[in-house]
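# Structural overview
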Amino acid sequence: MADIRLVDVSKAYGNVRVIDNVTMTIGSGEFWVFLGPSGCGKSTLLRMIAGLEDINDGEIHIGDRRVDQLPPAERGVAMVFQNYALYPHMTVRQNMAFGLQNIRTPKDEIERRVDSAAKILELGHLIDRRPSQLSGGQRQRVAIGRAIVRDPKAFLFDEPLSNLDAGLRVRTRIEFAQLHQRMKTTMVFVTHDQTEAMTLADKIVVMNNRKIEQIGSPMEIYTRPASRFVAAFVGSPSMNFLPVKAVADKAGKALVTLGDGSVVETAIPTANLPKGGTFTFGIRPEFVRIEANGAIKGKADVVERLGDRTLAYVRLGDGSTVIASDTGISSLDTGHEIALGVDGASAHLFDDNNVAYSAA
Amino acid sequence: MSTVNATAAPAARTSVRSRGQTTSLGTKLITALTVVVAAIWFFPLYWAIVTSLKTDEETVRAGLRLLPEEPTLKGYLFVIQNSDLPIWYMNSVITSVIITIVSVLMSAGAGYAISQLKFPGRQILWTLILASFMVPVSALIVNHFIIIAGVKLLNTHLGIILPMLITPVTVIVYKQFFDSVPREYREAAVIDNANEFQMLFRIFLPMNWGVTTALAIITFIGAWNSFLWPFLAAQNEKMMTVTVGITAVQDSYGVAFARVLAGAVLAGLPVALAYLLFQKRVTQAITLSAGIKG
Ligand SMILES: Nc1ncnc2c1ncn2[C@@H]1O[C@H](COP(=O)(O)OP(=O)(O)OP(=O)(O)O)[C@@H](O)[C@H]1O
Ligand SMILES: [Mg+2]
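Residues numbered from 1 in each chain as written. Chains lettered and ligands numbered in written order. Predicted model: local features only at pLDDT ≥ 70, side-chain atom pairs only at ≥ 80, totals over all residues. Heavy atoms only, no water.

### Quick word on the domain arrangement of chain B
Residue and element names in this part refer to chain B. Here is the rule: In this document the domain limits rely on a domain assignment from an automatic tool or a database. A contact between two residues is defined here by any heavy atoms of the two lying within 4.5 Å. Accessible area that two parts lose when put together, evaluated with a 1.4 Å probe and summed over both, is termed the buried area.
When its domains are assigned, chain B resolves into domain 1 (2-52) and domain 2 (84-293). Across the boundary between the two partners, domain 1 contributes four residues, which contact five residues of domain 2. With both chains or domains summed, domain 1 and domain 2 bury close to 380 Å², and 83% of this area falls on carbon and sulfur atoms. The largest per-residue losses of area from domain 1 upon contact with domain 2 belong to Ala-48, Thr-51 and Ser-52, which jointly make up 81% of the total buried on that side.

### So, the pairing of strand E8 (residues 186-191) of chain A
Residues and elements named next belong to chain A. What counts here: Relative accessibility decides the category of a residue: with a 1.4 Å probe and only protein chains considered, values under 20% of the type maximum give buried, values over 50% give exposed, and everything between is partly exposed. The helix and strand labels rest on DSSP assignments: H or I over at least four residues marks a helix, E over at least two residues marks a strand, and numbering proceeds from the N terminus. Strand pairing is assigned whenever DSSP identifies at least 2 bridges connecting the two strands. Here the term right-handed applies to a crossover when the path leading from its first strand over the helix to its second strand runs clockwise, the strands being oriented away from the viewer.
Burial within E8 is extensive, with six of its six residues counted as buried. The side-chain alternation of E8 yields two buried faces, one formed by Thr-186, Val-188 and Val-190 and the other by Met-187, Phe-189 and Thr-191. Relative to E8, strand E3 (residues 31-35) is paired through five bridges, and the arrangement is parallel. By the bridge assignment, Phe-34 is partnered in E8 with Val-190. The pairing of strand E7 (residues 154-158) with E8 spans five bridges and is classified as parallel. By the bridge assignment, Leu-156 is partnered in E8 with Val-188. The parallel pair E7 and E8 is bridged by helix H5 (residues 166-183), and the resulting crossover is right-handed.

### Quick notes on the side chain of Glu-187 of chain B
Along the chain, the position of Glu-187 of chain B falls in helix H10 (residues 183-191). Leave out the neighbours within four places in its chain, and Glu-187 of chain B touches Arg-47, Leu-52 and Phe-81 of chain A.

### Considering the packing of aromatic side chains
Filter applied, for reference: Each Phe, Tyr or Trp ring (for Trp, its six-membered ring) is paired with any other whose centre lies within 6.5 Å, and the angle between the two planes then decides the class: stacked below 30 degrees, edge-to-face above 60, tilted in between. Lysine NZ or arginine CZ positioned within 6 Å of the ring centre and within 35 degrees of the ring normal marks a charge as sitting over the ring.
Per the counting criterion, the structure on display carries 19 aromatic pairs over all chains. With a centroid separation of 5.2 Å and 70° between ring planes, the pair formed by Tyr-87 of chain A and Phe-98 of chain A is classed as edge-to-face. Here the residue Tyr-87 of chain A occupies a position in the loop between strand E6 (77-80) and helix H2 (92-102), and Phe-98 of chain A occupies one in helix H2, the gap between them amounting to eleven residues. With centroids separated by 6.2 Å and ring planes inclined at 40°, the aromatic side chains of Phe-42 of chain B and Tyr-46 of chain B adopt a geometry described as tilted. Of this pair, Phe-42 of chain B and Tyr-46 of chain B both sit in helix H2 (residues 21-52), four residues apart, which is roughly one turn of that helix. One aromatic cluster is present, built from ring pairs that chain together Phe-31, Phe-155, Phe-157, Phe-176 and Phe-189 of chain A. Taking NZ or CZ as reference, Arg-284 of chain A lies 4.0 Å from the ring centre of Tyr-222 of chain A, over its face.

### A few points about H5 of chain A
Residues and elements named next belong to chain A. To be explicit about the condition: The length a helix should cover is 1.5 Å for every residue beyond the first. Note: the arc covers the axis-to-C-beta directions of the helix.
The first and last C-alpha atoms of H5 sit 26 Å apart over 18 residues, in line with the 26 Å expected at 1.5 Å per residue. For H5, every residue scored as buried is listed here: Thr-172, Arg-173, Phe-176, Leu-179 and His-180. Buried residues of H5, seen end-on, are gathered within an arc of 120° and therefore sit on one face of the element. Among the exposed residues of H5, those pointing more than 90 degrees away from its buried face are Arg-171, Gln-181 and Arg-182. Residues of H5 that are buried sit in contact with E3, helix H3 (107-120), helix H4 (136-148), E7, E8 and helix H6 (194-200). Following H5 by one or two positions, Lys-184 adopts a phi angle in the positive range, close to 55°.

### Notes on the confidence of the model for chain B
We count it as follows: Per-residue confidence from the predictor is reported as pLDDT, a score between 0 and 100.
Overall, the predicted model of chain B reaches an average pLDDT of 85, with 88% of residues at or above 70. Predicted confidence is poor over residues 1-20 of chain B, with pLDDT under 50, and the contacts of this stretch with residues over four places away or in other chains come to four contacts.

### With respect to the sheet that holds strand E4 (residues 57-62) of chain A
Residue and element names in this part refer to chain A. We count it as follows: Axis definition: a line fitted to C-alpha atoms, limited for helices to the stretch in contact. Angles are taken between N-to-C directions and run from 0 to 180 degrees.
Read across the sheet, four strands follow the order E2-E1-E4-E5 without closing on themselves; strand pairing throughout is antiparallel. Each edge of the open sheet is held by one strand with a lone partner, namely strand E2 (16-26) and strand E5 (65-66). Looking at chain direction, E4 and E5 are connected through two bridges and run antiparallel. Directly across from His-61, in E5, lies its bridge partner Arg-66. Against the sheet, helix H1 (residues 42-50) contacts strand E1 (4-13), E2 and E4, and its axis sits at roughly 120° relative to E1.

### Observations concerning unusual backbone geometry
Of note, the amide linkage connecting Ser-236 of chain A to Pro-237 of chain A takes the cis form, showing an omega dihedral of 0°. Here Pro-237 of chain A shows up in the loop between helix H8 (228-233) and strand E11 (240-248). Backbone geometry places Arg-104 of chain A, a non-glycine residue, at a positive phi of 55°. Unusually for a residue other than glycine, Lys-152 of chain B sits at a positive phi of about 60°. Secondary-structure assignment places Lys-152 of chain B in the loop between helix H7 (137-150) and helix H8 (157-161).

Below, the structure is given as structure tokens:
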């Protein structure tokens, strides 16, 4: 167990920069998730911690050792790959033992560790099978077992759930959470699935286009996104964005006027806002409720019934569309004229540089 | 065999459906042609075996007899007892086995290095190997002879073996195989503390022994069948390989077809056995190296 510190780490392939001055400290025993769209550099960042990619600049520390010039095996981390990379010609037992044999661990010690990992992961009855004789979920557990036996200072997972079907993915996600509770080892987990990130992480690192957009707890990321990208990327369905004009009210909070003329009171202090008055207004669909006496009028273009809630794509007077939500059992139907109530306290404003402003 | 049937059958079925009688006739014609070609290829072999079982008198009798009248193993007994065939056999076994082991090992190492390691000159080395593969052995044979004679290795096993260790095709096949291994395996093994030897011998080669077996078999067959170099390198009868030795039998027996052909059959036996035992692997090997040539 150890913390992982990245200081001003950069990486380029040839002339193409893929990671720009990343700094973060992953606390000892914490579960961190790198979240971001495809190609944003999350795998690269993880592989740099593992030592599978060189870094061009900066420092990486694991525990009290600087590791950025050390070969992967000496960094004391274990990695689980997206395709698991189990050695196809070895049995489950041999797969788990291989790394220990290479560092000349005594036979009985190997035996003990493999058996204990197999027990944790319920692999006992599969121990003499080859990877080709296992299901996807079982292979994944073997890959984790191979990491566990090394007793690493940190676990690195690169999209370990993406090859599993939906049901299994949810179950395995829970197993990951349990595994972390039990092992209490530092874990770094890469995914582009926000649900995985929200459910597993102590801290989420939202990445986009070589850079870190925000580091925060799942609820911070959700309720106080630092940028428009984070606001849009996290949450499903995505946050509504509308162009607005904002002025200060008597209490120093922003009062915004939507395109259709309706006014929404927010809890965002105007003191921090840049001058100009034009912003993008952001509000999550769950804070736009369908209310008989709501101030905003519109027409339901599309109605989606999800069971636990109903989503309506509502066209406002000025032609813009917002996603609003209603209870699961709703009489709402396509074409209905409806009124919306907005919970201004949960709204955000974004300036021209996509920087976010939220309620204090 | 089974794979051929498996792919041919659905193809035939669909074509029957689409174009009816004409294609099925075409298929029959092609089958017939294949049988004829196979028969033409097979006949000399058959003739050699039959003749080797005939008496000397019968071999020179006029007329075509497809079966020996009084089958006899005299021809075989004669070459085994009265020639150096057992010694030649030993020479062939020794040289072919050593060539196979050493050349497969070296090629695996070279292919691995070129495919997986970053070192200066790697690209040049690869280009040279590709280039050497374009040069036929016969073009180099004079050089080989001068060098081997120069180091006084003519008429030794080592002298026969050394030039035959140059097998660029095996290096190329290995390199391409290693290239095709997803990089995560290497990375997993790197994290697992494997050094380059463990990487090669415990991960990359065992991942698909089929490649190595296939290459070993064609190398062995090639070494056993080779004639030109052993013929030049072993002038002393005691150092000859089977392929070279049986030409000596032919010269010294005059017209004794049964003996000559008995020698030939014995010489070809290990290769025939290799083909029969490892039919699938041989096909695989030929496809592997044909993929490179084509
Ligand atoms: N070996 C390489 N050479 C050049 N560019 C590379 C190399 N590896 C990755 N890249 C580039 O670096 C960027 C980040 O890649 P990375 O694999 O880290 O993305 P990712 O966030 O993991 O995406 P995904 O979710 O698709 O796995 C991409 O734009 C990719 O094209
Ligand atoms: Mg990735």
